[in-house]
Amino acid sequence: MTQILTRQNYPQPQQPPEKLFTGIFLRWSALTLSEKVVCANIVLVPVWWFVGITQYMLLFLSLGIVFYEWRRYGRLRLKSPSLVVIALFAFYAYGYIDNFLISFDAYPSIDIPPDLELNPNIRIKGLFSFAIPFLVWYIQSNKVRVRLEVVVWACSVTIIQMLLGWLIFQFAFPGIMENPPRTLYAVLTGKGRFNPEDVNGWGNYLVFFESLHNETRFRFFFDHYQTAATFIAFTALLALELKNRLWSLLLIVACCFLLNLAAARAIWLAFLPAVFVRFCYIWVKARSGWLFLALFAIVSFSTLSIPPVTNAVLNIYTDTQELVGNARAGSTEARGKVYQETLERIPDKIIFGHKVPGPTARKGPSVLITEAPRIGTHSFILGSLLYRKGLLGTGIFATFWASLIIWLYNTRVGRPLGCFLVLLMLTLTSVVSIIHFTMVTSTLLCMLIRQPPQQSSRRKSAWISS
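Cut-off values and rules
- Residues numbered from 1 in each chain as written.
- Predicted model: local features only at pLDDT ≥ 70, side-chain atom pairs only at ≥ 80, totals over all residues.
- Heavy atoms only, no water.
- Helix = DSSP H or I, 4+ residues; strand = E, 2+ residues; numbered from the N terminus.
- Buried < 20%, exposed > 50% of the residue type's maximum accessible area, 1.4 Å probe, protein only.
- Contact = heavy atoms within 4.5 Å.
- Areas by Shrake-Rupley, 256 points an atom, 1.4 Å probe, with all protein chains shown as cover.
- Salt bridge = Lys/Arg side-chain N within 4 Å of Asp/Glu carboxyl O.
- Disulfide = S-S within 2.5 Å.
- Expected span 1.5 Å × (residues − 1).
- Phe/Tyr/Trp six-rings, centres within 6.5 Å; stacked < 30°, edge-to-face > 60°.
- Lys NZ or Arg CZ within 6 Å of the ring centre and 35° of its normal.
- Patch = residues over 30% accessible without salt bridge, like charges linked within 9 Å, V, L, I, M, F, W, Y side chains within 5 Å.
- Axes fitted to C-alpha atoms, helices over the stretch in contact; angles between N-to-C directions.
- Parallel < 35°, antiparallel > 145°, perpendicular 65-115°, else oblique.
- Left-handed = near helix turned anticlockwise from the far one by under 90°.
- Nonpolar A, V, L, I, M, F, W, Y, C, P; charged D, E, K, R; others polar.
- pLDDT = per-residue confidence, 0-100.
- Core = buried A, V, L, I, M, F, W, Y, C linked by side-chain atoms within 4.5 Å.

J.: For this particular structure, what's the right way to read the overall build of the chain?
T.: Secondary structure summary: the chain contains 20 helices and 4 strands in total. Scored against the burial criterion, the 466 residues of the chain give a buried share of 44%. Counted over contacts in the chain with a minimum sequence separation of 6, partners at least 24 positions apart contribute 73%. Accessible surface, the chain: about 25,700 Å² in total, of which carbon and sulfur atoms supply 67%.

Here you go:
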């Protein structure tokens, strides 16, 4: 009774959170275990590239989580899977069954092209992909949170490393990477010297840039220039959310410069609309929507009603179209043929899909290209989903993607707007690109990025409270 009467019933003052930064450096002691793991893996991207295990990092991360959970708790702390997890597991299971049957030529209705290489390792590597739905399941079950500033700081370090690598390999030692050395994994497994013709084997070598048709595209520490560009654009979209405007500005400028070096048109076409959507949202949030609509009306009226303005806009559009087409004319023609013939052949096996890429796309005149790509490639939505997996596989993936966006919206408190812009960018990119490693990791990071409860309750996610 005495304890009840003397107990203090008013809230106790809370200790202020430990400072996250000391100057420009993160305070390691101020990070949670999840933040330390995420930060270390991003900062050490050049190390994973040198070792040659970048593509297996999600598998190693999953195994590390299993070991940690079993050692500390004696079990895996996983709740009942959500629709997001179920749909993603179903999608990868559907793809694995397809690959398994194709590797044994067990699909009676599928004619496998004779020149299609069937690697027996595909059955083993296919199992590694299940690490992705496992990580999604673990994030949702344990409500794992990582602060925005931690992710952006780690990405900033990697961006600086990419800039330093460009300076070193472009100016200090310009010829050292023309014959790329082997990764540590390739050395241990006895891989031979670099063969430019064996594109599928480039992952075994430290290919920092590629030179094709008198054009140099930088891959940096990734397996493809589009993979690098996705990481750079992801960093730029999150940099827009930083409160430190100097840090934000410098990082965005560096990202735009590196995007030009990567020369990935698909990422530019998706990145710019995402930035435009953000600024439109800011205008509406600031109660300046009327100003935006007024400017839009003025521009539309001027463009459509005043002949000199209309002619100028048409000339700019025509010149830009020709510039883009001529910049990489062969690639533009090839992609046009692929998309056209892919759309025409999707209805042939619309339910279950064609399962494998089709023949080369050569419909129409072929003046600019010498080796046409296969039908059902160069697009995740048209090729990987609708053409190869049919409506069944497309429906499973659409269920996952829609349920993921709904989950992100339901957990939006404390989550920056940039996470949703990243998903918008990835959706637009998937129309003209296949799914790359950094597209998967960007999605996982968007699920992780969220302020701690005490901070998010105070801020109430300023971009939502408007």
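On we go.
J.: I'm lost on the pattern of salt bridges in this one. Help?
T.: Pairs may arise between side chains of opposite charge once their charged atoms sit close together. A complete count under the given rule lists 6 salt bridges for this structure. Of the charged contacts in the structure, one is a salt bridge between Glu210 and Arg217, with a shortest N-O distance of 3.5 Å. Each of the two residues, Glu210 as well as Arg217, counts as buried. Close ionic contact of Glu210 with Arg219 constitutes a salt bridge, the shortest N to O distance being 3.1 Å. Neither Glu210 nor Arg219 differs from the other in exposure class; each is buried. Here the salt bridges do not stand alone but share partners, grouping Glu210, Arg217 and Arg219 into one network.

J.: Teacher, can you tell me more about the state of the cysteines here?
T.: In a disulfide, the sulfur atoms of two cysteines are covalently bonded to one another. All told, the structure shown has 0 disulfides when counted by the stated rule. Of the cysteine sulfurs around Cys39, a residue in no disulfide, the closest is that of Cys155, at 9.2 Å. The exposure class assigned to Cys39 is buried, which follows from its relative accessible area of 3%. The cysteine Cys446 is free of any disulfide, with Cys419 supplying the nearest cysteine sulfur at 4.5 Å. We classify Cys446 as buried; its relative accessible area is 0%.

J.: Would you take a moment to explain helix α5 (residues 83-103) for this structure?
T.: The periodicity of an α-helix, 3.6 residues per turn, causes residues three or four positions apart to be oriented the same way. Over its 21 residues, α5 extends 30 Å from the first C-alpha to the last, a length consistent with the 30 Å expected when each residue adds 1.5 Å. Taken together, the buried positions of α5 are Val84, Val85, Ala87, Leu88, Phe91, Tyr92, Tyr94, Gly95, Asp98, Ile102 and Ser103. One or two steps after α5, the chain reaches Asp105, where phi turns positive at roughly 55°.

J.: Sorry, what's going on with the packing of aromatic side chains here?
T.: In this description, a pair of aromatic rings is defined by centroid distance and the angle of the planes. Under the counting rule described, the total for this entry stands at 25 aromatic pairs. On the basis of an interplanar angle of 50° and a centroid distance of 5.5 Å, the ring pair of Phe209 and Phe218 is categorised as tilted. In this structure, Phe209 and Phe218 share a single accessibility class: buried. Here Arg77 stacks its cationic end above the ring of Tyr73, 4.0 Å away from the centre of that ring.

J.: Explain unusual backbone geometry to me, please; I cannot follow it from the model alone.
T.: When glycine is set aside, most residues are seen to have a negative phi, and most peptide bonds are trans. Although it is not a glycine, Phe220 sits at a positive phi angle of roughly 55°. Position of Phe220 among the secondary structure elements: in the loop between β4 (215-218) and α10 (225-239). Phe220 sits in the buried class, given a relative accessible area of 0%. Although it is not a glycine, Ala263 adopts a positive phi angle of roughly 55°. Tracing the backbone through its elements, the reader meets Ala263 in the loop between α11 (245-262) and α12 (265-285).

J.: Any chance you could explain the environment of Thr183 here in plain terms?
T.: Looking at where Thr183 falls in the secondary structure, it is placed in the loop between α8 (148-172) and α9 (184-188). Between the alpha carbons of Thr183 and Asn204 there is a distance of 5.7 Å; along the sequence they are 21 residues apart. The residues touching Thr183, leaving out its near neighbours within four places in the chain, are Trp49, Phe50, Val51, Gly52, Gly203, Asn204, Tyr205 and Leu206.

J.: How should I be thinking about a nonpolar patch on the surface in this particular structure?
T.: On the surface, Ile160, Leu164, Leu167, Ile168, Phe171, Phe173 and Ile176 cluster together to form a nonpolar patch covering roughly 690 Å² of accessible area. As for its position among the elements, Phe171 is in helix α8.

J.: Teacher, can you tell me more about helix α19 (residues 437-448) here?
T.: The first and last C-alpha atoms of α19 sit 17 Å apart over 12 residues, in line with the 16 Å expected at 1.5 Å per residue. Buried residues dominate α19, accounting for 12 of its 12 residues. For α19, the complete set of buried residues consists of Phe437, Thr438, Met439, Val440, Thr441, Ser442, Thr443, Leu444, Leu445, Cys446, Met447 and Leu448.

J.: Mind showing me how you'd approach the packing of α8 against α10 here?
T.: Think of two packed helices as two axes; the pair is described by the angle between the axes and how far apart they sit. Between α8 and α10, whose axes approach to 10 Å, the crossing angle comes to 135°. The angle between α8 and α10 falls in the class oblique. Here α8 and α10 pass one another in a crossing that is left-handed. Between α8 and α10, the residues in contact are Leu148, Val151, Val152, Cys155, Thr158, Ile159 and Met162 and Phe231, Ile232, Phe234, Thr235 and Leu238, respectively. Residue composition of the contact of α8 with α10, grouped by class: 10 nonpolar, 2 polar and no charged.

J.: Could you clarify how one ought to interpret the confidence of the model for the chain in this entry?
T.: With 79% of its residues at a pLDDT of at least 70, the chain reaches an overall mean of 82. In this model residues 461-466 is a low-confidence stretch, pLDDT under 50, and it forms 20 contacts with partners more than four residues away in sequence or in other chains.

J.: Hey, could you run me through the nonpolar core in this one?
T.: Taken as a class, soluble globular proteins show a tendency for nonpolar side chains to be buried jointly. One finds Val151, Ile159, Met162, Phe208, Phe220, Ile232 and Leu237 to be the most contacted residues of the largest nonpolar core, which totals 101 residues. The residues contacting Phe208, other than those within four sequence positions of it, are Trp49, Met162, Gly165, Trp166, Phe169, Met177, Phe218, Arg219, Phe220 and Phe221. Listed in part, the 7 residues of the second largest apolar core include Ala361, Ile375, Leu382 and Tyr387.

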